[in-house]
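One letter stands for each residue in the lines below.
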Amino acid sequence: MNVQAVAVVIAAVLGVATLLACTCSFLYSWFIVRPLKLHPSGQRLPPGSVGWPLFGEMREFLQCFKNEKPDQFVKIREKRYGTGGLYTTSMFGVPSIMATTPDMLKFVLKRDDLFGPGWPSLSKIMGPAAVVSVTGELHKTLRRYLFDAIASPEGMVKALPRLDEAMRTNLKEWADQGNVNIRECTRKLTFHVIAANFLNLKPSPELQLMEKDYIGFMIGIRALPLYLPGTAHYTAVNCRRRLSARFQALINHRRSSKEYQGDFLQSLMDARDPDGLPLTDEQLKDNLVALMLAGYESSAYIMMWTLILLAKHPQCLSKLREEHVHIKRRIGESQLTLEDTRDMIYTQMVIDETLRLVNVAPMLFRTVLQDVDFNGYRIPKGWRVMPWLRAPHMDPQYFPQPEKFNPERWNDKNVKSEAFRPFGGGARTCVGNAFARLQVSVFLHHVSVGYKWALLNPDAKIDHLPHPKPVDGGPMFFSALA
Ligand code: HEM
């Protein structure tokens, strides 16, 4: 067959496949979704639309986020269908219900018996034994182990010296460079923190290889699950395999050497269930991957954004610096303690305000496990529910002038805690919440007492997907305070 004929056959196959997909999607919308909207029992889908066959409302969603107006997507629906807080849509190839008000978010997040883990391909790449993939009792047990390792007071006391050391070393390196790309720098810093606290590893060529695999894994995690050489998914799966092999080598080494390392891995290896059974190697490895993933980008983004926002709001930086200079005078060159972090009142306001405004996790995903009837609406089994965490954060009803960076708003006792959910909620709320706050607090201490910085392109556009970041990575001039 000549090249032309092959091209014609490929085009024909693609054409038929597309036609088939469109027909299926159309039949689905017409015969399943539409009748449900008009269900005689009175239980109807929440207001909204499943959009175009196959593509759903993806185009509209991407447009809002690309035009730097991510909240427009919810506002349009509120205008069209009212402010009930549940809207039918279809995104990422699945018919879905968006939950956007504090009450609706609470309902979805609290009912993990009705709404299960929602990323369809997540367990394949994360591993079936990871905390984000499992449900029920096993989920509870794993969360307890992870909490003890990461976020318990004992876990945090163990983590503090390593955090302190990572901040001092990295910030000094940034100042030596002078001109830095803050996105790259905070990512490297976070990887350093993770390697030190999770695996007791110090910077080395071996760790650099691990970081490379880690980045390959991160890039491919949201890619189309196409296992073909050259695709991001293919790279991610292979990076994941190599990471897993490295974790196995570390686990084996610890068992044979019997050295006590006092890090998160050690804590997970020491955990026992009521029958005295430890986690299996698969569980250990899958959960290390899950933890590294969960703790990497989110924390890096928050540190990056605190620097950007403080550079744009010098009066907030002065207040923050004042708080930390006061602590520094008291402790001198000693390491910070948990007690010291409790004195960081304004710091917590800066962190909360950054979490609210930046919305590192704008929405979550859940799968509907059974038909749910709620507030007169039907949420059908097999659909997806998307708790839209950023909606209340950017609603003037709960946070007046929501676009404004204003840490002082957290002084107001009337701030609605139910409207503020940067770490999710319910049974799957972030296990690393306290650790993330500790990490950012230690970072803000060292950076505010020892350094100054200036944005080289303060008006850079923001790329909101998958997480908000300046498109140029935030070039900055960074130096030690005289
Ligand atoms: C500012 C930083 C962080 C933010 C904004 C954040 C946000 C979140 C959110 C919204 C969830 C809920 C996901 C869902 O319900 O589907 C979550 C889950 C999780 N986070 Fe974080 N996170 C942060 C840092 C961390 C860190 C540092 C760690 C670990 C050291 C961590 C570990 C986890 C884990 C293990 C889960 C899964 C919990 C489960 O499925 O039961 N996170 N995080």
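Residues numbered from 1 in each chain as written. Predicted model: local features only at pLDDT ≥ 70, side-chain atom pairs only at ≥ 80, totals over all residues. Heavy atoms only, no water.

Caption draft 1: Structural view of the pairing of strand 9 (residues 451–455). A one-sided burial pattern is seen for strand 9, the buried positions being Y451, W453 and L455 and the unburied ones K452 and A454. Where strand 9 and strand 12 (residues 475–480) come together, five bridges link them in antiparallel fashion. In the strand pairing of strand 12, A454 is matched with F477. (Buried < 20%, exposed > 50% of the residue type's maximum accessible area, 1.4 Å probe, protein only. Helix = DSSP H or I, 4+ residues; strand = E, 2+ residues; numbered from the N terminus. Pairing = 2+ DSSP bridges.)

Caption draft 2: Region of the structure containing the site of the ligand. Around the ligand lies a shell of 25 residues, among which H139, R143, R366, R428 and C430 are the nearest. Here an oxygen atom of the ligand and a side-chain polar atom of R366 are 2.7 Å apart. If you list the elements that add at least two residues to the shell around the ligand, you get helix 6 (136–150), helix 12 (281–312) and helix 17 (433–450). Looking at the shell around the ligand, the element that brings in the most residues is helix 12, giving six residues. (Near = heavy atom within 4 Å. Polar contact = N/O pair within 3.5 Å; in protein donor to acceptor, adjacent residues only side chain to side chain.)

Caption draft 3: Structural detail: the nonpolar core. Within the largest apolar cluster, 105 residues are counted, with the highest numbers of intra-cluster contacts made by W174, F217, F443 and F478. Take this core: its biggest share by element is 17 residues, from helix 12. Residues in contact with F217, not counting those within four places in the same chain, are I125, M126, A236, C239, R240, L243, V289 and L293. Within the second largest apolar cluster, 16 residues are counted, among which are L86, M104, F374 and W383. (Core = buried A, V, L, I, M, F, W, Y, C linked by side-chain atoms within 4.5 Å. Contact = heavy atoms within 4.5 Å.)

Caption draft 4: How the structure looks around the UniProt feature "binding site: heme" (unreviewed entry) in the protein chain. This chain's UniProt record puts "binding site: heme" (unreviewed entry) on C430. Mapped onto the secondary structure, C430 falls in the loop between helix 16 (390–393) and helix 17. (UniProt positions renumbered as here; feature names shortened; annotations may be inferred.)

Caption draft 5: Geometry of the sheet that holds strand 5 (residues 366–368). Pairing in this open sheet of five strands is mixed, and the strands run 1-2-8-5-3 from one edge to the other. Of all strands in the sheet, those bounded by a partner on one side alone are strand 1 (86–91) and strand 3 (115–117). Each neighbouring strand pair of the sheet contributes to a mean axis angle of 40°, computed without reference to strand direction. Strand contacts of helix 4 (residues 102–110): strand 1, strand 2 (94–99), strand 3, strand 5 and strand 8 (384–387), with the helix running at about 125° to strand 8, the strand carrying the most contacts. (Axes fitted to C-alpha atoms, helices over the stretch in contact; angles between N-to-C directions.)

Caption draft 6: Molecular detail of the pattern of salt bridges. According to the stated counting rule, one finds 31 salt bridges in the structure shown. Across the salt bridge formed by E339 and R342, the nearest N and O atoms sit 2.7 Å from each other. Remark: R342 and E339 occur in helix 14 (residues 338–342); sequence separation between them is three residues, near one turn of the helix. Judged by relative accessible area, E339 falls into the exposed class, the value being 52%. Of the charged contacts in the structure, one is a salt bridge between R437 and D352, with a shortest N-O distance of 2.8 Å. With R437 in helix 17 and D352 in helix 15 (residues 345–358), this residue pair connects regions lying 85 residues apart in the sequence. For D352, a relative accessible area of 13% puts it in the buried group. Shared partners join several salt bridges into a network, and the residues in it are E57, E60, R77 and R80. (Salt bridge = Lys/Arg side-chain N within 4 Å of Asp/Glu carboxyl O.)

Caption draft 7: Spatial organisation of the packing of aromatic side chains. The tally for this structure, following the rule as stated, stands at 22 aromatic pairs. Arranged with centres 4.6 Å apart and planes meeting at 35°, the rings of F198 and F264 form a pair that is tilted. Taken as a pair, F198 in helix 8 (residues 182–199) and F264 in helix 11 (residues 264–270) lie far apart in primary sequence, 66 residues in all. Comparing F198 with F264 shows no difference in burial state: the two are buried. Taken together, F61, F65, F73, F92, F365 and W388 form an aromatic cluster joined through their ring pairs. Stacked on the ring of F73, the Lys or Arg R77 has its end atom at 3.8 Å from the ring centre. (Phe/Tyr/Trp six-rings, centres within 6.5 Å; stacked < 30°, edge-to-face > 60°. Lys NZ or Arg CZ within 6 Å of the ring centre and 35° of its normal.)

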